[in-house]
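# Observations on the model geometry
If you want the building blocks of each chain, they are given just below.
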Amino acid sequence: MELNRAVGALTMMWLALIGCTQAVTLEVRQGNTTCIKAELSARFSITYDTSSSTRTVSVPLPDSSTVDTGSSSCGSTGSLPWLVAVFGSGHALGLSFSTNGSLYNVVNMTLQYNLSDATFFPDANSSDVVTVVSASVGISAAVNTTYRCVSPTLVRLGENSVTFTDMKLEAYMAGNDLSSTETICMADQALTTVPPAPPRTTTVPTPAPTPPGRPERGSYVVTANGTVCLLAQMALQLNISYFSVSQNKTIQELFNLTPNLTLSSGSCSANSAYLVLTQEQSTAVNFTFTLNSTSSRYHLSGINLLASWPDMTAPTSAGNNSLDYLRSKLGRSYMCNAEQTLLVAPNFSLNTFQLQVQPFGVTTSQFATAEECQMDQDQMLIPIIVGAALAGLVLIVLIAYLIGRKRSHAGYQTV
């Protein structure tokens, strides 16, 4: 009871901080069937120019918002499902979804706003309709479950952002209403997960799991329109903290992805590429790569995990869409044979071994010239330094020997 009051108080504080917003219900239907449904509150932070300065306004998603039936769809072969909500004078919020059969996720978020609307954008020096897109949303859930997140969820769209609260949504729905089974976001789990009361009877502690050892290396490919657009070869090890039912405490576990049990999927666009690895419909890791078209360099910008293991009290999700790993140049691959630890979230990190990826500029089914990580370069440098030192030592000994021999001959010269 005390925890529920605390959570309620925190929620009220969040709502006060971001401004009171009303929940909106949005539904995409095909005939008599519902395929996407969302119940949420949202507030947009939008920056625009006036004649004398730059101004930032806070725009709520009003409860009068409606689904644009012309732009929204349940998807078909070659097209993704879309939920597009329209409001005000020419404003719209769009969410597109994809699935690998066991998980669904928001792959793109689009915000359109009309600067000629003086109600929201007074004194704007433009009347343009602006569209901004984010491909790093971080919303994913198991198929046939509702994604739920009461806590504020911030998604950046360039200089702008949208903050969702009290969110429930589901895509690829099996029925016409949201599933009663929920995938709870990590922020809510941190607030609501309470360890069960200790058992009254004495039980034998479950031994800690044996470390899995070094993972196997797998090869993964993403294609778009029949053409390879992303190549990856790597061995992956997940480091996850979660509350264990059998051990009645929070534990930290290493889990290896097994290549022959792992399915790969994803998508590619001009500036973003996605790789989703799913093992036995219980573990999914989503990688987001972003290309900077100005510098012609790319990097790993997001990693999101969803795990649903028998020993967990609830599905565990963790992610970060503001990462800066695996940087390389367009037209080259990134390679790192050494072990790397990619920190993602407080409860999740990823260990990589024998890694080589190329998410952009793939012209054949082979990797382009590799740009090696610093650790590999350092490991190559050590044998060179040791070899040079040994060669120098041999040279010093040889010179000393020749000098000594020359002196000994000089001592026997005839007078």
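Refer to the preceding data block for the structure.
Quantities reported herein were computed from a predicted structural model and do not represent experimental measurements.

## Some words on the side chain of S96
Tracing the backbone shows S96 in strand β6 (residues 91–99). The buried category is assigned to S96, whose relative accessible area is 1%. Setting aside chain neighbours within four positions, we find S96 in contact with L80, P81, W82, N105, V106, V107 and N108.

## Some details on the pairing of strand β19 (residues 283–292)
Working note: regular strand, side chains alternate between the two faces of the sheet. Within β19, 8 of the 10 residues are buried, leaving the element largely enclosed by the surrounding structure. Following strand β18 (residues 272–279), the chain reverses through 3 residues before pairing antiparallel with β19; E280 in that reversal takes a positive phi of roughly 50°. In the sheet, β19 pairs with strand β20 (residues 297–307) via 10 bridges, with the strands oriented antiparallel. Its bridge partner lying in β20, L291 is registered against Y298. The hairpin formed by β19 and β20 contains 4 residues between the paired strands, and S296 there has a positive phi angle of roughly 60°.

## Comments concerning the pairing of strand β7 (residues 103–114)
Burial runs high along β7: 10 of the 12 residues are buried. Across 8 bridges, β6 lies against β7 in antiparallel orientation. Looking at the pairing, F97 lines up with V106 of β7. Between β6 and β7, which pair antiparallel one after the other, the connecting turn spans 3 residues, and G101 there sits at a positive phi close to 105°. Of the strand pairs in this sheet, β7 and strand β8 (residues 129–134) are connected by 6 bridges, and their pairing is antiparallel. Paired with N114 across the two strands is V129, which belongs to β8.

## A short note on the state of the cysteines
Taken as a whole, this structure holds 4 disulfides when the rule is applied. Sulfur-sulfur distance for the disulfide between C35 and C74 comes to 2.0 Å. The sign of the -85° torsion about the S-S bond sets the C35-C74 disulfide as left-handed. Of the two residues, C35 sits in strand β2 (residues 33–49) while C74 sits in the loop between β4 (66–67) and β5 (82–87), which places them 39 residues apart along the sequence. Overall, the relative accessible area of 11% leaves C35 in the buried class. Covalent S-S linkage joins C336 and C373, the inter-sulfur distance amounting to 2.1 Å. Looking down the S-S bond of the C336 and C373 bridge, the torsion is 70°, so its handedness is right-handed. Of this pair, C336 sits in strand β23 (residues 333–336) while C373 sits in the loop between β26 (370–372) and α3 (374–410); the two residues are 37 residues apart in sequence, bridging distant segments of the chain.

## Topic: unusual backbone geometry
Trans peptide bonds make up the majority, and among non-glycine residues the majority have a negative phi. Despite not being glycine, D166 has its phi angle at roughly 50°, a positive value. By secondary structure assignment, the location of D166 is in strand β12 (residues 160–171). Of the residues examined, D166 reaches a relative accessible area of 42% and is grouped as partly exposed. A positive phi angle is found at N225, which is not glycine, with a value near 55°. Locating N225 in the fold gives a position in the loop between β14 (217–224) and β15 (227–244). According to the relative accessible area criterion, N225 is exposed, its value standing at 84%.

## Things to note about the packing of aromatic side chains
In the structure shown here, the tally under the stated rule is 7 aromatic pairs. Seen in terms of ring centroids, F44 and F87 are 5.7 Å apart; in terms of plane orientation they differ by 5°. Their pairing is stacked. Here F87 lies in strand β5 and F44 lies in strand β2, a separation of 43 residues in the sequence. Taken together, a centroid distance of 4.8 Å and an interplanar angle of 35° make the contact between F255 and W309 tilted. Of this pair, F255 sits in strand β16 (residues 249–256) while W309 is found in the loop between β20 and β21 (316–320), placing the two residues 54 residues apart along the sequence. Comparing F255 with W309 shows no difference in burial state: the two are buried. Put simply, the rings of Y48, Y113, F120 and F121 pair up and form one aromatic cluster.

Rules of the game
Residues numbered from 1 in each chain as written. Predicted model: local features only at pLDDT ≥ 70, side-chain atom pairs only at ≥ 80, totals over all residues. Heavy atoms only, no water. Helix = DSSP H or I, 4+ residues; strand = E, 2+ residues; numbered from the N terminus. Buried < 20%, exposed > 50% of the residue type's maximum accessible area, 1.4 Å probe, protein only. Contact = heavy atoms within 4.5 Å. Pairing = 2+ DSSP bridges. Disulfide = S-S within 2.5 Å. Phe/Tyr/Trp six-rings, centres within 6.5 Å; stacked < 30°, edge-to-face > 60°.

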